[in-house]
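An overview of the molecular structure
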Amino acid sequence: MCGIIGRVDYRDISPNLIEGLRRLEYRGYDSAGIATLDGGKIRVVKRAGTVDRLAEAFRSSPVRGTLGIAHTRWATHGGVNDINAHPHVSCDGKVAVIHNGIIENFAELKSSLRREGHDFVSETDTEVVAHLSEDILREGDDLMQTGLKLAKMLKGQYALVIMNSDNPERLLGMRHNAPLMVGVGRNYSVYASDVLGFIDETKRAVFLEDDTVSVAERNHLEVRSLGGLPRDYKVVDLAEELGSPDKKNFEHFTLKEIHEQPGSILRIMKQDPGKVTLFRKQLEEAKRIFFVAAGSSYHASMLGKIYLSEHMGLYSDVILASEYRSYERWFDEGTVLVAVSQSGETMDVLEAVRAGKEKGCSILGVVNHAPSSLERMSDTVVNLRAGQEVGVAATKSFTSQVALFYSIANKDIDDLEVESISRAVSDSLAQEEAVKSIAREIASSKDIYFLGRGKNFPLALEGALKMKELAYLHAEGIAAGELKHGPLALIEKGTPLILINPDDETHDDTISNGMEVKARGGVLIGVAPDTHGGYDYFIRIPKVLPDHYPLVVAVPLQLLAYHTARLLRANIDKPRNLAKSVTVK
Ligand code: M6R
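So, how was this worked out
- Sequence positions are assigned chain by chain, starting from 1 and proceeding in written order.
- Per-residue local features are limited, in this predicted model, to residues with pLDDT of at least 70; the limit for side-chain atom pairs, both in listing and counting, is 80 or more; totals at the level of whole chains, interfaces and linings are taken over all residues.
- Side-chain figures throughout are based on the complete set of non-hydrogen atoms in the structure, without hydrogens or water.
- Note on pairing: two strands pair once DSSP finds at least 2 bridges between them.
- Runs of E in the DSSP output that reach at least two residues are strands. Runs of H or I that reach at least four are helices, and both are numbered from the N terminus.
- Interaxial angle, 0 to 180 degrees, is taken between N-to-C directions of lines fitted to C-alpha atoms, where a helix line uses only the stretch in contact.
- Two residues qualify as a contact provided that any one of their heavy atoms is within 4.5 Å of a heavy atom in the partner residue.
- The rule is simple: take the accessible area with a 1.4 Å probe, protein chains only, and divide by the maximum for that residue type; under 20% is buried, over 50% is exposed, in between is partly exposed.
- Within 3.5 Å is the distance limit for a polar contact, defined as a pair of N or O atoms, with the added protein rule that one can donate a hydrogen and the other accept it, and that residues adjacent in sequence qualify only through two side-chain atoms.
- Here a salt bridge means any side-chain nitrogen of Lys or Arg lying within 4 Å of a carboxyl oxygen belonging to Asp or Glu.
- To be near a molecule or strand, a residue needs just one of its heavy atoms within 4 Å of it.
- Areas reported here follow the Shrake-Rupley algorithm with a probe of radius 1.4 Å; residue values treat only the protein chains shown as occluding.
- Put simply, Ala, Val, Leu, Ile, Met, Phe, Trp, Tyr, Cys and Pro go in the nonpolar bin, Asp, Glu, Lys and Arg in the charged bin, and everything else, Gly too, in the polar bin.
- The domain boundaries here were taken from an automatic or database domain assignment.
- Expected helix span is given by 1.5 Å per residue-to-residue step, counting one fewer step than there are residues.
- Two parts placed together each lose some accessible area; with a 1.4 Å probe, that loss summed over both constitutes the buried area.

**With respect to the sheet that holds strand β22 (residues 496–500)**
Strand order in the open sheet made by the five strands is β21-β20-β22-β23-β24, with parallel pairing throughout. The open sheet terminates on both sides in strands that have one partner only, identified here as β21 (474–479) and β24 (537–540). Recorded for the sheet is a direction-independent mean angle of 20 degrees between the axes of neighbouring strands. Relative to β22, strand β20 (residues 447–452) runs parallel, the two being bridged by three bridges. Opposite Tyr449, over in β22, you have Leu497 as the bridge partner. Of the strands in this sheet, β20, β22 and β23 (523–528) touch helix α16 (residues 507–518), which is tilted by about 170 degrees from β22. Packed on one face of the sheet, helix α17 (residues 549–567) meets β20, β22, β23 and β24 and runs near 160 degrees to β22.

**Structural notes on the pairing of strand β4 (residues 67–73)**
Burial within β4 is extensive, with seven of its seven residues counted as buried. Residues Leu67, Ile69, His71 and Arg73 line one face of β4 and the alternating positions Gly68, Ala70 and Thr72 line the opposite face, and both faces are buried. Relative to β4, strand β1 (residues 3–8) runs antiparallel, the two being bridged by six bridges. Of the residues in β4, the one forming a bridge with Gly6 is Ile69. Pairing of strand β2 (residues 31–38) with β4 involves six bridges; the strand directions are antiparallel. Pairing of Ile34 across the sheet is with Ala70, part of β4.

**Thoughts on the side chain of Thr335**
Structurally, the position occupied by Thr335 is in strand β17 (residues 335–341). A polar side-chain atom of Thr335 sits 3.1 Å from the main-chain carbonyl oxygen of Trp330. In this structure Thr335 touches Arg288, Phe290, Trp330, Cys361 and Ser362, once residues within four positions along its chain are discounted.

**Quick look at the pattern of salt bridges**
Counted under the stated rule, the structure contains 41 salt bridges. For Glu217, the salt bridge is made with Arg170, and the minimal N-O distance between the two is 3.2 Å. Of this pair, Glu217 sits in strand β12 (residues 212–217) while Arg170 sits in the loop between β7 (156–164) and β8 (171–176); the two residues are 47 residues apart in sequence, bridging distant segments of the chain. Residue class for Glu217 comes out partly exposed when judged on its relative accessible area of 25%. One connected set of salt bridges, linked through shared partners, spans Arg7, Asp9, Arg11, Arg23, Asp200 and Glu201.

**As for the site of the ligand**
Contacts to the ligand come from 15 residues, most closely from Ser297, Ser341, Ser343, Thr346 and Glu469. Here Gln342 contributes a backbone N or O atom positioned 2.7 Å from an oxygen atom of the ligand. Here Lys466 contributes a side-chain N or O atom positioned 2.9 Å from an oxygen atom of the ligand. Compared with its free state, where it exposes 410 Å², the ligand has 90% of that area covered by protein. Among the secondary structure elements, those contributing two or more residues to the shell around the ligand are α9 (295–312) and α15 (456–471). When its residues are assigned to classes, the shell around the ligand shows six nonpolar, seven polar and two charged. Residues from two domains meet in the shell around the ligand; each of domain 2 (250–413) and domain 3 (429–572) gives at least three.

**A word on helix α12 (residues 396–409)**
End to end, α12 covers 20 Å across 14 residues, agreeing with the expected 20 Å (1.5 Å per residue, within 8%). Among the 14 residues that make up α12, 14 are buried, leaving the element largely enclosed by the rest of the structure.

**Things to note about the environment of Leu459**
In this fold, Leu459 is placed in helix α15. Expressed as a C-alpha distance, the spacing of Leu459 and Leu551, which sit 92 residues apart in the sequence, is 9.2 Å. Apart from the residues within four sequence positions on either side, Leu459 is in contact with Leu303, Phe398, Ile500, Pro550, Val553, Ala554 and Leu557.

**Remarks on the domain arrangement of the protein**
Its domain assignment divides the protein into domain 1 (3–242), domain 2 (250–413) and domain 3 (429–572). Relative placement of domain 2 and domain 3: their C-alpha centres are 25 Å apart. Taken together, the contact between domain 2 and domain 3 spans 27 residues of the former and 24 residues of the latter. When the two sides are added together, the surface that domain 2 and domain 3 hide from each other amounts to roughly 2,200 Å², 67% of it contributed by carbon and sulfur. The interface formed by domain 2 and domain 3 holds two salt bridges in total. Put simply, Lys455 and Glu310 hold a salt bridge, and the shortest N to O gap is 3.0 Å. When contributions to the side of domain 2 that touches domain 3 are tallied by element, the ones reaching two or more residues are α6 (253–259), α7 (261–270), α9 and α12. The element contributing the most residues to the side of domain 2 that touches domain 3 is α9, with nine residues. Split into classes, the residues belonging to the side of domain 2 that touches domain 3 amount to 15 nonpolar, 10 polar and two charged.

**Considering the sheet that holds β17**
The parallel open sheet is built from five strands, whose spatial order is β16-β15-β17-β18-β19. Only two strands of the sheet have a single neighbouring strand rather than two, namely β16 (317–320) and β19 (380–383). For this sheet, the mean inter-axis angle between neighbouring strands, taken without regard to orientation, is 20 degrees. Where β17 meets strand β18 (residues 362–367), six bridges bridge the pair, whose relative direction is parallel. Looking at β18, one finds that Leu337 is bridged to Ile363.

The structure is reproduced here in structure tokens:
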């Protein structure tokens, strides 16, 4: 969601600001803007639409300067148009603000600012921050004091970067429940919501703690708690593996990331056995276990629940993070929350974790994007180390999560087994041509169904989610046994149904369900190690142990969604309306 860049430098920074925004595009956005202090005045260029559109506008009306802020907006309050794009400027033109999050009390603040004579130009919640800052600065406060006063007035969640023309060598940064970090360069500092905002230029970063106000200068950073107490911070060297993402020879990041899975699965399954043992021990000792996650991480957690049940005899529950409140009464000291999030920044997951921590739960975090808020909030954390996932659709992070849960649940896995899983995933990838031809058959369908039982049910949900978000086709994942309880009524002549049907204990029942669909005119696409007379089309997957099937099945489902989306010319790496990290509720 919204991407933030703020930079204080010794040279003209406008090209860096626009480049920084390009690197944050993957987060998802619908408009972009930049402001610099140009000849002592704040000048803004902003546009609804892409960063390319902003760059075009910038070329015809360039702004320059050594101090500036830039933003990609994912609309929450107010429509997608040039005026609502950030930055937002105060009435006196001396303050410009960019924001990720939601100011929940903006309506009250706006009414009282209006009564005092402030004119609002946008429909956004953010604009109040510009006007409030103007008032505070007029009273003679410095930037740090301004931030501390703002923190007392604002309710909601925010990462904010604020510039003021009377402070030409400083930026104010504030964070409360939204990510914000500082890239530390040679004679410059960069605020960003994500390391990608600066990683091409500096590998030194400060991960600002939550609930902090900070003022960055070229060679200095001051950090305080929202209450005004000085806070220490560490400058960390970003690991090499976070390096600049590169598409290599793939047409899209999503395809590259699908192809990286034999390696990413190997990495997570061979990583620090001590950490896995610690995770396992904490689960064994727990009074109650909840997985908390959203989207694909939720589907992976459903598999985690099955592995824990089958291999460790442990009962757990999987909660959609956005629904945690219905279960909060069970959060207590003996409870373990397994918080699963690729980005480690999903607002709903962080909220559930915060609620859990308040009630004394232990937090076991599973993240890919590290460092992240979830990593810092967890008592024990496993980093998936799948590498940067740029495509908005989760692919390699999903299989790494599943592989991790299997490794935690099954303590007898050895290197031979791990290597055989990785090889089997490569074999699944080798089916790409067959998958492509099936994509041609289904691309014109209006509905596509995915069916599976047991461990194949979360895969059916995941396959449908990939189809929806990549190809924009209506798709549903159905538990095979539920078919007759309603969904069968949807089947008509030509409806494609992806039957996830490995040779595990679910095979025979699932085939019967498939035949029921076929008898009603449905087109059966089997995903299985062996073909069957009932299949109209067939995607072969390697024959593996039942526990390994989720990993080898995930790959053709991802490829199917990818190639269908490609035929339909969808925006694969950045599907419409979606964001890579969902940092608002
Ligand atoms: O970063 P997280 O794993 O917390 O993200 C959760 C979901 O937003 C995410 O899985 C989303 O559903 C993906 N776009 C699915 O491909």
